[in-house]
There are 2 protein chains.
Amino acid sequence: MKEQEFLKELKELDLLSQAMGILGWDTQTGMPEKASEYRSEVDSYLYGLYFEKKVGPTIQEAITYFGQHPDELSEVGQAAYQLVKEEYELQKNVPNELAIAASAATSRAHTAWTQARKAKDFSLFKEALAENIRLTKELIPYWKKEERTNYDVLLNQYEPNMTVEILDNVFSQVRDGIMDIRRQLEKGTPPDTTILSREMTEAQQRKFISKVITDLGYDFSRGRLDNTVHPFATGINHNDVRLTTRWNEEDFSMGIFGVIHEAGHGMYEQNIDEKFEGTPVHEGASMGIHESQSLFNEIIIGSNRNFWEKQYPYFQECAEGTFDDVSFETFYNALKFTQASLIRIEADSLTYVLHIIIRYEIEKMIFNEEVNVEDLPTIWNDKYEEYLGVRPQNDLEGILQDVHWSGSSFGYFPSYALGYMYAAQLFHAMEKEIDVDAVLASDDYSEIRQWLTTHIHQYGASKKPNQLILDATGELLNPQYLLDYLRKVYFSVYQIR
Amino acid sequence: MKEQEFLKELKELDLLSQAMGILGWDTQTGMPEKASEYRSEVDSYLYGLYFEKKVGPTIQEAITYFGQHPDELSEVGQAAYQLVKEEYELQKNVPNELAIAASAATSRAHTAWTQARKAKDFSLFKEALAENIRLTKELIPYWKKEERTNYDVLLNQYEPNMTVEILDNVFSQVRDGIMDIRRQLEKGTPPDTTILSREMTEAQQRKFISKVITDLGYDFSRGRLDNTVHPFATGINHNDVRLTTRWNEEDFSMGIFGVIHEAGHGMYEQNIDEKFEGTPVHEGASMGIHESQSLFNEIIIGSNRNFWEKQYPYFQECAEGTFDDVSFETFYNALKFTQASLIRIEADSLTYVLHIIIRYEIEKMIFNEEVNVEDLPTIWNDKYEEYLGVRPQNDLEGILQDVHWSGSSFGYFPSYALGYMYAAQLFHAMEKEIDVDAVLASDDYSEIRQWLTTHIHQYGASKKPNQLILDATGELLNPQYLLDYLRKVYFSVYQIR
């Protein structure tokens, strides 16, 4: 077999996947409301073609042949081969009936989850969740390589080489650190947030944030920004990386930070080395690394006083008078108000990670210990009370809030917290080379984007997350940078000395 | 072979074609400007899968088997079989090399056409056009069934059962009739058109026209309206029929009549009987019939005094004051100003058909007689002078204005004129059952849409155009209704008695 044949097969898979990407984007942005049944038929058909090819004879032959002749592969071919082989080996032992049963169970669970949310009643979701857990536990032995615990297996599907041992250690530091910061902030002065609800139209917000993300390095000639219900970014190909958002005219911070966040994902996809295009290497290194890029924008840049001081006059201009009487200090401080809340996706940048740690601890209990599914709501509520000091009044604002478990995406949640820690760690490393405050006070942010491209973006999935972070920052995951950063930002806003 | 197998194959072709439809729509509405090369790769790949399947063993076997066992097909199966067989037989004798050569020639011709337009110089397009003509002439014998002339063969690809004999007859009546109307209008009073250039924002126009097309029967829950450069409507499936338009804030009539026009195409696609979905029967009967539906909206409804009188207050409301001082008479009459012009797509409803007749006569000369390609610009210009009294000053406003010949779409132009004639003839028949003026003065237009669905839309491509028109109107194509209608509308506006 020639490398060319292998790459051609990957290219065709990628072309199908681009088509599915556009259809998926369309489903979530513009598809007429009544078209969803017809759309699922198209999606299933294309996915069928894709799947058949992905496990088809050409790929199988390539895995065998290049396993024996690795020297016949170019650099790109080797990186692609590695990913294809890992994916193949992960799934190759799974009995077909089990894979089908697990997939069918998630469909039923999604329906049950939707109904349970309507009734705000976990008991309607309980059995479907138990079935997802049971089938995932059945799958783990087939997936397992050298991981130590069951939950390590799940974790590794989203963050290669991450372990429970590492996470237990970093999460306990982060949990204690954030809880400590929160205790200290009680002695400070919370900012006035009334200006956050001043009306800003969608058009005004869009005008402002489009300029901001262009400044940050998102390239609109290779992307676009649409409205949706559940915001996401999608990289169709190198020159077509789309962002989506939702707007709230009575809370501009939702849309504005949402777009900054998605633009971080977008900038990553736009700057992966084009040589990897048409292979699975032209993707993010992991969910955690992807989140590190969106959170670098949202949390690191988005908390920076100089950044906002520079952008505020344009913000005022776009708001057409609404903020003319608001001083920069009042504006900036309002953005960094923090308060414990029940809903993860509405949490602020200080408390967010605690939401993740709660989910991590529960998932680990489910897969590494024995836990009764019907006890989960109480466990959930107790942890919220312990870590955040708030207790859900019903399951909708508690355990039913996230879609992930209905889809058996166990092991996914830690990625969000890893993104926070990676972002702060990258920022710390960047500051050794670049005076970030000074750059953000200037008209040209390109040094920042360039640093991220050099150290992260360009590699795509050709390096594992731990290697990427080590190479970029000189050390492995270190949660102290996040804590230092949060302490600095919030102590300043809350006037703690 | 079972019917089910045949229908499943058609369904899969349809699913691929839906995916291509969304990609095509995206290319023309929202794709980032730099994504076009990547997009062509996806398009080509999907088209390859589609084409392979379309001429593949299942379809071939179905053609043979059901040719011998027609009784084993249901009503839908029979209608689908008929179309598949016609398409197959049209292409089956064409040598592969000739098909490839013809396709490659159109790519080159499109490039040459674009360059010639920039230079306003036909000589840069001449050779490529000659090659398109030569290859089309080579293809005609392979396509030919019982048609009398070469041009009949081309005509039939867009309008089955239409002939040069019929068209020569109707076009000469229409040409003489319109030229006669134009002569008489010279004695009348042309309306004042200054109000047409009053500014109306895109948002105001969109608000107005969205309500109007909803009134006319376009269903937004199964469609949407986007911006584009070259407006079109596309039926992805029964519940996803999309319109596009371009807006001119200094000429509201462009966007508003454009959307009314595309909504006519859209209403057709939305109302084809759903039983035909997933087969080639769920399409318009022909280009001419499709145009009859868009032109029914644009010309018949769009020229109706009662319709505009009813809609004008809402138009004024949407324009937020800009038209408050304009009387309804002034507004309506301005819409129906007529003037000879050089560019087809900017022509008004009286002179448009003359542009088509010119193209028809030239295409017929090319394929049924011998004509020197380099003489075409002069022939073109002479005909414009003779029929419309205007002469192009350069090739861009003359023979280079249309894309069709660069794509070898010879025989397509007459469809536009057929659409005009069919629309007027359908209107005449409708009036025997419905008091259209009264309906358009009311709040409920549904009777009109219902009549069109009953007589045209529902059948999709299960009836040939001539049969559809005969069944709907009781007679074959009759151009007098168009002339009567144009005379009535324009004589009233120009105050000719």
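Structure's up top.
Criteria and thresholds
- Residues numbered from 1 in each chain as written.
- Chains lettered and ligands numbered in written order.
- Predicted model: local features only at pLDDT ≥ 70, side-chain atom pairs only at ≥ 80, totals over all residues.
- Heavy atoms only, no water.
- Buried < 20%, exposed > 50% of the residue type's maximum accessible area, 1.4 Å probe, protein only.
- Helix = DSSP H or I, 4+ residues; strand = E, 2+ residues; numbered from the N terminus.
- Arc of directions from axis to C-beta.
- Contact = heavy atoms within 4.5 Å.
- Axes fitted to C-alpha atoms, helices over the stretch in contact; angles between N-to-C directions.
- Parallel < 35°, antiparallel > 145°, perpendicular 65-115°, else oblique.
- Left-handed = near helix turned anticlockwise from the far one by under 90°.
- Nonpolar A, V, L, I, M, F, W, Y, C, P; charged D, E, K, R; others polar.
- Polar contact = N/O pair within 3.5 Å; in protein donor to acceptor, adjacent residues only side chain to side chain.
- Pairing = 2+ DSSP bridges.

1. Focus on helix α19 (residues 465-473) of chain A
Residues and elements named next belong to chain A. Along α19, the residues classified as buried are P465, L468, I469, A472 and T473. Angularly, the buried residues of α19 cover 100 degrees about the axis, an arc narrow enough to put them on a single face. On the buried face of α19, the contacting elements are α11 (287-300), α16 (414-433) and α18 (446-455). Positive backbone phi, approximately 80 degrees, marks G474, located one or two places after α19.

2. Considering the packing of helix α8 (residues 164-185) of chain A against α16(A)
All names here are of chain A. Running from amino to carboxyl end, α8 crosses α16 at an angle of 65 degrees, the nearest separation of the two axes being 12 Å. In terms of their interaxial angle, α8 and α16 are classed as roughly perpendicular. Once α8 is placed against α16, the crossing between them reads as left-handed. Here L167, V170, F171 and V174 of α8 lie close against α16, whose contacting residues are P414, A417, L418 and M421. Of the residues contributing to the contact of α8 with α16, the split by class is eight nonpolar, no polar and no charged.

3. A short note on the side chain of A:Q401
Residue and element names in this part refer to chain A. Looking at the secondary structure, you find Q401 in the loop between α15 (376-388) and α16. A polar contact of 2.7 Å, which involves the side chain of Q401, links it to the backbone nitrogen of R344. At 3.4 Å, the side chain of Q401 and the backbone oxygen of E397 are in polar contact. Q401 has contacts with W113, R117, L342, I343, R344, R359, W380, Y384, D395 and L396, leaving out every residue within four places of it along the chain.

4. Observations regarding the sheet that holds strand β2 (residues 233-237) of chain B
All names here are of chain B. One open sheet accounts for three strands, arranged β1-β3-β2; its pairing is mixed. Taken across any chain shown, the strands that pair with only one partner, and hence form the sheet edges, are β1 (223-227) and β2. Neighbouring strand axes in the sheet, compared pairwise and without regard to direction, differ in orientation by 20 degrees on average. Both β2 and strand β3 (residues 240-245) contribute to a ladder of four bridges, which runs antiparallel. Bridging across to β3, N237 finds its partner in D240. This element, helix α10 (residues 252-270), spans β1, β2 and β3 of the sheet and lies at about 165 degrees to β3.

5. What to know about the sheet that holds strand β2 (residues 233-237) of chain A
Residue and element names in this part refer to chain A. One open sheet accounts for three strands, arranged β1-β3-β2; its pairing is mixed. Here the strands that pair on one side only, and so sit at the sheet edges, are β1 (223-227) and β2. Ignoring strand direction, the axes of neighbouring strands in this sheet form an average angle of 20 degrees. Pairing of β1 with strand β3 (residues 240-245), which is carried by five bridges, proceeds in the parallel orientation. If you follow G223 over to β3, its bridge partner there is V241.

That is the geometry; function is a separate question.
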